[in-house]
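So you can see what is in the structure, the chains are spelled out below.
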Amino acid sequence: MSDSFESPFPDHRRRREPVQLSLFLNIDGFEGPIDVLLQLARDQKVDLIHVSVLQLAEQYLGFVNQAQKLNLELAADYLVMAAWLAYLKSRLLLPPDEKEEEEQSPEEMAEALRFQLMRLEAMQQAGQALMSLPQFGADFFARGQGESISVRRRPIYDVTLYELLRAYADHRVRHDRLALRIEATHLYSVEDAVQRLSRVLGAVPEWQTLFSFLPSGLRKGLRLRSAVASTFVASLQLVKDGKAEINQAGTFAPIYFRSREGDA
């Protein structure tokens, strides 16, 4: 049996492998190069409209150089902004060349930069004002004990008579839907009138009014109109066949009917 004892814990004196650490730069309050420019402009203690873009560019370039001296990794947009500010600084220092046709002058570029800074400052101030408002659950709280409140509702209807009648009709249509039934009506056809006139044709040697051959017992209505129309058409059909004759003295005068002389 061995007297040696092996500790379950690793020896702290054992040589450890080197650990590689990565450094991430987190600038407090800065989310991009435009935020850095706004902070540098605020340090000049002047209004953003009258801020010196040339001095602002120099301060930003100094900020980038100091960060590079500390071996800090800057994002690409910081370096792009530094290059653009260096270009703007050189354009502002050099006299304008009248021969070159430029799309945008250095003064216009500087004014555009001032406008971006003013807009960013306005957005930040609006965000701070919004977040400084009282918040529910932190600055004010709801009541813990609810109250029983009786609610009384009194409906007020503001409708016209037409709307009331239409609503009533819609209600009746939905609940009392009845099938439309049309009762059969006995009307006189032309064939019936031809047969009726043919039966009395031989006994009518003299002129008689056409309406005297209508069926008896008819009153005003659809049946009377159908009998008149069918009898008139039947008389025309008999005249066409050469079995009868009709005569009318004038417009809207009575129509007379008789059998043809050869068939009487």
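All figures in this text were calculated on a predicted structure; none of them were measured in a lab.

(A) Quick peek at the nonpolar core. With 21 residues, the main nonpolar core has Leu37, Leu56, Tyr60, Leu85, Leu113 and Leu117 as its most contacted residues. Looking at this core, the elements that each hand over two or more residues are helix H1 (33–43), helix H2 (53–69), helix H3 (76–93) and helix H4 (106–131). Those residues in contact with Leu56 that sit more than four places away from it in its chain are Leu37, Leu40, Ala41, Gln44, Leu113 and Leu117.

(B) Spotlight on the side chain of Ser230. Positionally, Ser230 belongs in helix H7 (residues 222–240). Among the polar contacts made by the side chain of Ser230, one reaches the main-chain carbonyl oxygen of Ser226 at a distance of 2.9 Å. A distance of 3.1 Å separates a polar side-chain atom of Ser230 from the backbone oxygen of Ala227. Those residues in contact with Ser230 that sit more than four places away from it in its chain are Tyr188, Ser189, Val190 and Ala193.

(C) Structural context of the sheet that holds strand E1 (residues 208–209). Within the open sheet, the three strands sit side by side as E1-E3-E2. Their pairing is antiparallel. Two strands bound the open sheet, and with one partner strand each, they are E1 and strand E2 (244–248). Note that E2 and strand E3 (residues 255–259) share five bridges and pair antiparallel. Bridge pairing in E3 links Glu245 to Arg258. Sitting on the sheet, H7 touches E2 and E3, and the angle it makes with E2 is about 120 degrees.

(D) Region of interest: the environment of Ala244. The residue Ala244 is located in strand E2 in this model. Filtering out sequence-adjacent residues up to four positions away, Ala244 remains in contact with Leu201, Leu238, Val239, Phe257, Arg258, Ser259 and Arg260.

(E) Here's a closer look at the packing of H1 against H4. Between H1 and H4, whose axes approach to 10 Å, the crossing angle comes to 90 degrees. Here H1 is positioned roughly perpendicular relative to H4, judged by the angle of their axes. Along its contact with H1, which presents Ile34, Asp35, Leu37, Leu38, Ala41 and Arg42, the element H4 presents Leu113, Gln116, Leu117, Leu120, Glu121 and Gln124.

(F) Spatial organisation of the confidence of the model for the protein chain. Averaged over all residues, the pLDDT of the protein chain equals 76, while 79% of them reach at least 70. Low pLDDT, under 50, characterises residues 1–16; the stretch is placed with zero contacts to residues that sit more than four places away or in other chains. Scored below 50 in pLDDT, residues 21–27 shows six contacts in the model against residues more than four places distant or in partner chains.

(G) Highlighting a nonpolar patch on the surface. A cluster of nonpolar side chains, contributed by Val190, Phe232, Val233, Leu236, Val239 and Ile246, occupies part of the molecular surface with about 400 Å² of accessible area. Looking at the nonpolar patch, the element that brings in the most residues is H7, giving four residues. Mapped onto the fold, Val239 is located in helix H7.

(H) Molecular detail of H3. An ideal rise of 1.5 Å per residue puts 26 Å on 18 residues; H3 measures up with 26 Å between its terminal C-alpha atoms. On its buried side, H3 packs onto H1, H2 and H4.

(I) Highlighting the pattern of salt bridges. One pass over the structure, following the stated rule, counts two salt bridges. Two residues, Glu111 and Arg114, come together in a salt bridge whose shortest N-O distance is 3.3 Å. You can see Glu111 and its partner Arg114 sitting in helix H4, three residues apart, about one turn around the helix. Arg258 is the partner of Glu245 in a salt bridge, and the nearest nitrogen-oxygen pair spans 3.2 Å. Of this pair, Glu245 sits in strand E2 while Arg258 sits in strand E3, and the two are 13 residues apart along the sequence.

Reading the values: the criteria
- Residues numbered from 1 in each chain as written.
- Predicted model: local features only at pLDDT ≥ 70, side-chain atom pairs only at ≥ 80, totals over all residues.
- Heavy atoms only, no water.
- Core = buried A, V, L, I, M, F, W, Y, C linked by side-chain atoms within 4.5 Å.
- Buried < 20%, exposed > 50% of the residue type's maximum accessible area, 1.4 Å probe, protein only.
- Helix = DSSP H or I, 4+ residues; strand = E, 2+ residues; numbered from the N terminus.
- Contact = heavy atoms within 4.5 Å.
- Polar contact = N/O pair within 3.5 Å; in protein donor to acceptor, adjacent residues only side chain to side chain.
- Pairing = 2+ DSSP bridges.
- Axes fitted to C-alpha atoms, helices over the stretch in contact; angles between N-to-C directions.
- Parallel < 35°, antiparallel > 145°, perpendicular 65-115°, else oblique.
- pLDDT = per-residue confidence, 0-100.
- Patch = residues over 30% accessible without salt bridge, like charges linked within 9 Å, V, L, I, M, F, W, Y side chains within 5 Å.
- Areas by Shrake-Rupley, 256 points an atom, 1.4 Å probe, with all protein chains shown as cover.
- Salt bridge = Lys/Arg side-chain N within 4 Å of Asp/Glu carboxyl O.
- Expected span 1.5 Å × (residues − 1).

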